[in-house]
Amino acid sequence: MMAKAMDKKEQDKLEKYGKLVCQFANAKKTDDILISFFNNLQSAFNFSKNFTKKALKQFPTKKIITDSLTDRENELLEILWKRNNILKSCNAELSHIYCHVDKYDPIKETFTIIARIYFEGIPDKNQDYFEDTHLILKKETEEFIRYKIESYYDNYLDKDIFTDKSKEVLEALVAICHNIEEIRQGATNRFAEIEKLAETYQDIYCLHNYAKENQENIKSILLKIIKSKNAYEAKAFKTILDGYNKIKTEYIVNKKHELVLKEPFIEENFFKDLQVAKTNISEAQLLFNNPINYCLVEYLKNPKYSGKEKISICQDCECFFCKSKLNRYQRYCPICSKKNHTPKDIQAKRTKTSRAAKKKREVTEKRKELYEEKYKQLIKEKFSEKEAQQFAKQYVIEQMP
Ligand SMILES: [Zn+2]
């Protein structure tokens with residue numbers, strides 16, 4: 001009895017793990033990814049009831065951020081987020097030169113470049129510096145930055161910092177700033193407000209992008225696992241397994257003085273990790289990857305099942321789903337399995353056949369009615385049973401040949 005109860009509990013837990021992975025992969029928008037991910041974390045790892053609400057406060061959906069904006073303002077916000085990202089990658093490309101691009105003005109066609117001037121002359125992270133702001137015409141930017149570096153590095157440059165990549169990002173920045181200038185007038189009269197929103201939620205925008213990237217990644221891994229003959233030998237599975245093995249599992253002594261395995265995910269830690277994730281790409285990836293790797297391996301590892309047999313892709317809506325029990329022939333997800341999947345031509349044929357059969361039944365019924373009516377009438381008119389049968393039969397043939 002006890003063993004059976006344990007089984008049920010374990011089974012419920014595994015179902016929750018499978019659900020977390022499938023819903024993450026199936027979500028349509030990043031907002032749906034977040035909501036399902038938080039709800040499933042809460043339920044799979046016994047987080048407090050208001051966990052999702054709390055998590056969405058710190059990691060809001062785009063809908064929460066943009067609810068008060070019009071469609072055009074929303075579009076503008078998306079472009080501003082993109083521009084800020086491009087600016088970031090511009091500076092990532094140019095960072096080692098101690099000059100950074102602060103902004104680009106599409107009307108004056110100038111970059112604002114801030115150069116750090118070090119008191120000791122040699123650029124060094126630990127040294128004091130002051131910032132020198134320069135407005136540089138677009139066409140003079142390259143020359144200016146080159147000049148600055150050459151003065152820092154004592155006329156020596158071991159490699160050209162204006163690589164194709166850095167030129168490309170600078171050009172992308174110019175293009176997107178001109179694009180924003182073109183649309184801002186028609187889109188809104190509260191540009192400053194939207195720019196402020198873009199700045200406040202820049203980290204959240206990036207986290208949404210990571211969620212999307214993570215989703216693409218997990219989808220392709222699940223597909224490979226499903227398609228491979230032996231799931232555990234699939235290369236894609238190895239990535240998941242490596243991640244799983246890095247998750248620290250430890251035993252602790254509980255209040256009943258028993259040694260128990262500690263839950264791998266703790267609510268407080270999630271919020272700490274979320275704070276770090278906002279400014280750290282690899283932490284942001286782990287935020288999603290860790291629970292997914294854990295849940296997927298735990299879901300598949302149960303020896304009662306043969307790994308990939310438990311997870312499948314619906315042949316109708318193409319979503320991932322967890323198979324019920326061990327039905328290895330289940331081809332459709334629970335929602336689609338309620339639909340009619342018989343091919344259209346066969347369905348039409350069946351309808352035709354069943355219509356013909358129905359008509360035949362109706363005719364037979366009608367003949368029977370006619371016969372009985374006539375028979376009763378003839379009996380009333382004192383014909384013998386045999387005569388009544390014969391005449392009634394004759395009557396039906398005349399009426400319904
Ligand atoms: Zn389906």
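The rules behind these values
Residues numbered from 1 in each chain as written. Predicted model: local features only at pLDDT ≥ 70, side-chain atom pairs only at ≥ 80, totals over all residues. Helix = DSSP H or I, 4+ residues; strand = E, 2+ residues; numbered from the N terminus. Buried ≥ 20, exposed ≤ 12 C-beta atoms within 10 Å, placed from the backbone. Contact = placed C-beta atoms within 7 Å. Core = buried A, V, L, I, M, F, W, Y, C linked by C-beta atoms within 7 Å. Axes fitted to C-alpha atoms, helices over the stretch in contact; angles between N-to-C directions. Parallel < 35°, antiparallel > 145°, perpendicular 65-115°, else oblique. Left-handed = near helix turned anticlockwise from the far one by under 90°. Nonpolar A, V, L, I, M, F, W, Y, C, P; charged D, E, K, R; others polar. Expected span 1.5 Å × (residues − 1). Arc of directions from axis to C-beta. pLDDT = per-residue confidence, 0-100.

1. Comments concerning the overall build of the protein chain
Piece 1. Each helix and strand in the protein chain was counted, giving 14 helices and 7 strands.
Piece 2. Here the protein chain holds 401 residues, and 21% of them are scored as buried.
Piece 3. If you take every contact in the protein chain between residues at least 6 apart in sequence, the share linking residues at least 24 apart comes to 57%.

2. Re the nonpolar core
Piece 1. Counting residues in hydrophobic clusters, the biggest one holds 40 residues, and the most contacted among them are V21, F24 and C295.
Piece 2. Secondary structure elements with two or more residues in this core: α1 (2–26), α2 (30–44), α9 (202–227), α10 (235–246), α12 (281–301) and β7 (320–322).
Piece 3. Top contributing element to this core by residue count: α12, with 9 residues.
Piece 4. Beyond its immediate stretch of four places on either side in the chain, C295 contacts Y17, L20, V21 and A44.
Piece 5. Listed in part, the 15 residues of the second largest apolar core include I86, L94, C99 and Y104.

3. Overview of the packing of α2 against helix α3 (residues 51–58)
Piece 1. For the pair α2 and α3, interaxial distance at closest approach is 9 Å and the crossing angle is 140°. In terms of orientation, α2 and α3 fall into the oblique class. Relative to α3, α2 is oriented so that their crossing is right-handed. Contact residues: α2 offers L34, F38, N39 and Q42, while α3 offers F51, T52, A55 and L56.
Piece 2. Its residues assigned to classes, the contact of α2 with α3 shows 5 nonpolar, 3 polar and no charged.

4. Focus: the packing of α2 against α9
Piece 1. Packing of α2 against α9 brings their axes to within 9 Å, and their N-to-C directions diverge by 85°. Taken together, the axis directions place α2 and α9 in an arrangement best described as roughly perpendicular. Counting all contacts with α2, which are made through T30, I33 and L34, the residues of α9 involved are H208, A211, K212 and Q215.
Piece 2. A class-by-class count of the residues in the contact of α2 with α9 yields 3 nonpolar, 3 polar and 1 charged.

5. Examining the environment of Y17
Piece 1. Relative to the helices and strands, Y17 is located in helix α1.
Piece 2. On the neighbour-count criterion, Y17 (23 C-beta atoms within 10 Å) is buried.
Piece 3. Along the sequence, Y17 and N40 sit 23 residues apart, while their C-alpha atoms lie 8.0 Å from each other.
Piece 4. If near-sequence neighbours (up to four positions away) are discounted, Y17 is found in contact with A44, C295, E298 and Y299.

6. Digging into α10
Piece 1. In this model, α10 (12 residues) spans 17 Å end to end at C-alpha, consistent with the 16 Å of a helix rising 1.5 Å per residue.
Piece 2. Those residues of α10 not exposed but buried are F237, I240 and Y244. Projected down its long axis, α10 carries its buried residues within an arc of 60°, all on one side. Along α10, exposed side chains directed more than 90 degrees from the buried face belong to K235, K238, D242, N245 and K246.
Piece 3. Elements that come into contact with the buried residues of α10 comprise α9 and α12.

7. Quick notes on unusual backbone geometry
Piece 1. Phi at E109 takes a positive value of approximately 55°, unusual for a residue other than glycine.
Piece 2. Locating E109 in the fold gives a position in the loop between β1 (99–105) and β2 (110–118).
Piece 3. Not every positive phi belongs to a glycine, and E318 is a case in point at roughly 65°.
Piece 4. Checked against the element boundaries, E318 lands in the loop between β6 (311–313) and β7.

8. As for the environment of K49
Piece 1. One can find K49 in the loop between α2 and α3.
Piece 2. A residue is classified by how many C-beta atoms lie within 10 Å of it, and K49, with 7 of them, is exposed.
Piece 3. Between the C-alpha atom of K49 and that of N39, which follows or precedes it by 10 residues, the distance is 9.4 Å.

9. Quick notes on the confidence of the model for the protein chain
Piece 1. Averaged over every residue, the pLDDT of the protein chain is 84; the share at 70 or more is 88%.
Piece 2. The least confident element of the protein chain, judged by mean pLDDT, is helix α6 (residues 141–152) at 68; the most confident is α2 at 96.

10. Observations concerning the environment of Y294
Piece 1. With respect to the helices and strands, Y294 occurs in helix α12.
Piece 2. A C-alpha to C-alpha distance of 9.7 Å links Y294 and V21, two positions 273 residues apart in sequence.
Piece 3. Not counting residues within four places of it along the chain, the set of residues in contact with Y294 comprises Y244, I247 and P264.

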